[in-house]
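Residues per chain are reported as follows:
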Amino acid sequence: MTMRELLKKSRMVRVSILLCAGIVAGAGAVYLYFHDPKIYPIPCALHLLTGLYCPGCGAGRACYALLHGDVLEAFCYNPLMTILIPFIGLYIVGRGIDWAVTGGNHVDGRINVRFLVGVLVLILIYGILRNIPVPPFSLLAPGGLSGLF
Ligand SMILES: [Zn+2]
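Predicted model, so just to flag it, every value in this text is computed and none were measured.

Examining the overall build of the protein
Okay, so step 1: From N to C terminus, the protein includes seven helices and zero strands.
Okay, so step 2: The order of helices and strands in the protein, counted from the N terminus, is α-α-α-α-α-α-α.
Okay, so step 3: For the protein, the spread of C-alpha atoms along the three principal axes comes to 60 × 40 × 30 Å.
Okay, so step 4: Considering only contacts in the protein between residues 6 or more positions apart, those separated by 24 or more positions represent 50%.

Here's what the structure looks like:
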């Protein structure tokens, strides 16, 4: 029996894999909770190479702030990701549970492709705008909103 056949037939294997993924994600959250990215920065390859902010820059600090219940600080570090994180989390959990229980994918087909393209375009535009060093765009850089609150 190949791995693909095993995954297709055995709900127990799929649930075990999902539980392992949940444990890894939980361990990552615990690690982040106790390691402040302001002290232990999570490097961004784009920022290191070019000095430009990618759409995800500040997301580690935003997640750290969210883990500590500070939504406003998270918003200051990465406003778009702070808004998108709950939806991305819901998608990942829903998709994982669907796969573990049914072995199929009944989630992706229910998401409008135009909506996904719209979100991707929004992330791309956000990534461009946050690199313009002039207000109000500079407010989108990591920590740019901190001065306002
Ligand atoms: Zn980045």
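Examining helix α6 (residues 79-102)
Okay, so step 1: Counted at 1.5 Å a residue, the expected span for α6 with its 24 residues is 34 Å, and the 35 Å between its end C-alpha atoms agrees.
Okay, so step 2: The axis of α6 is deflected most strongly, by about 35 degrees, at Ile85, and proline Pro86 appears within four residues downstream.
Okay, so step 3: Taken residue by residue, α6 has Leu80, Met81 and Thr82 as its buried positions.
Okay, so step 4: In this structure, the buried side of α6 is in contact with α4 (59-67), α5 (71-77) and α7 (113-129).
Okay, so step 5: Looking one or two places after α6, you find Gly103, whose phi comes out positive at around 80 degrees.

Considering the environment of Tyr64
Okay, so step 1: Relative to the helices and strands, Tyr64 is located in helix α4.
Okay, so step 2: When the C-alpha positions of Tyr64 and Pro37 are compared, they lie 7.2 Å apart, and in sequence the two are 27 residues distant.

Structural notes on the nonpolar core
Okay, so step 1: Listed in full, the 11 residues of the largest apolar core are Ala59, Ala62, Cys63, Tyr64, Ala65, Leu66, Ala74, Cys76, Tyr77, Leu80 and Met81.
Okay, so step 2: Elements represented by at least two residues in this core include exactly α4, α5 and α6.
Okay, so step 3: In terms of residues, this core owes the most to one element, α4, which gives six residues.

Here's the deal with the confidence of the model for the protein
Okay, so step 1: Per-residue confidence for the protein gives a mean pLDDT of 92, with 99% of residues at or over 70.
Okay, so step 2: α7 holds the highest mean pLDDT among the elements of the protein, 96, whereas helix α1 (residues 3-9) holds the lowest, 79.

A few points about unusual backbone geometry
Okay, so step 1: The omega angle of the peptide bond from Pro135 to Pro136 is 10 degrees, so this bond is cis rather than trans.
Okay, so step 2: With respect to the helices, strands and loops of the structure, Pro136 is situated in the segment after α7.

Overview of the packing of helix α2 (residues 11-34) against α4
The axes of two packed helices give the description: the angle between them and the distance between them.
Okay, so step 1: Where α2 meets α4, the closest approach of the two axes is 9 Å, and the angle between their N-to-C directions is 90 degrees. Taken together, the axis directions place α2 and α4 in an arrangement best described as roughly perpendicular. Of the residues in α4, those touching α2 at Ala29, Leu32 and Tyr33 are Cys63, Tyr64 and Leu67.
Okay, so step 2: The residue makeup of the contact of α2 with α4, split by class, is six nonpolar, no polar and no charged.

Section: α7
Okay, so step 1: Between its first and last C-alpha, α7 extends 24 Å over 17 residues, near the 24 Å set by a 1.5 Å rise per residue.
Okay, so step 2: Counting buried positions along α7 gives zero out of 17 residues, so the element sits mostly on the surface.

Examining the packing of α2 against α6
Okay, so step 1: It is at 7 Å that the axes of α2 and α6 come closest, and there the two elements cross at 155 degrees. Classified by the interaxial angle, the pair formed by α2 and α6 is roughly antiparallel. Residues Arg11, Arg14, Val15, Leu18 and Ala21 of α2 pack against Gly96, Trp99, Ala100 and Val101 of α6.
Okay, so step 2: The residue inventory of the contact of α2 with α6, partitioned by class, reads six nonpolar, one polar and two charged.

Thresholds applied
Residues numbered from 1 in each chain as written. Predicted model: local features only at pLDDT ≥ 70, side-chain atom pairs only at ≥ 80, totals over all residues. Helix = DSSP H or I, 4+ residues; strand = E, 2+ residues; numbered from the N terminus. Contact = placed C-beta atoms within 7 Å. Expected span 1.5 Å × (residues − 1). Bend = angle between axes of the 7 residues up to and from the residue. Buried ≥ 20, exposed ≤ 12 C-beta atoms within 10 Å, placed from the backbone. Core = buried A, V, L, I, M, F, W, Y, C linked by C-beta atoms within 7 Å. pLDDT = per-residue confidence, 0-100. Axes fitted to C-alpha atoms, helices over the stretch in contact; angles between N-to-C directions. Parallel < 35°, antiparallel > 145°, perpendicular 65-115°, else oblique. Nonpolar A, V, L, I, M, F, W, Y, C, P; charged D, E, K, R; others polar.

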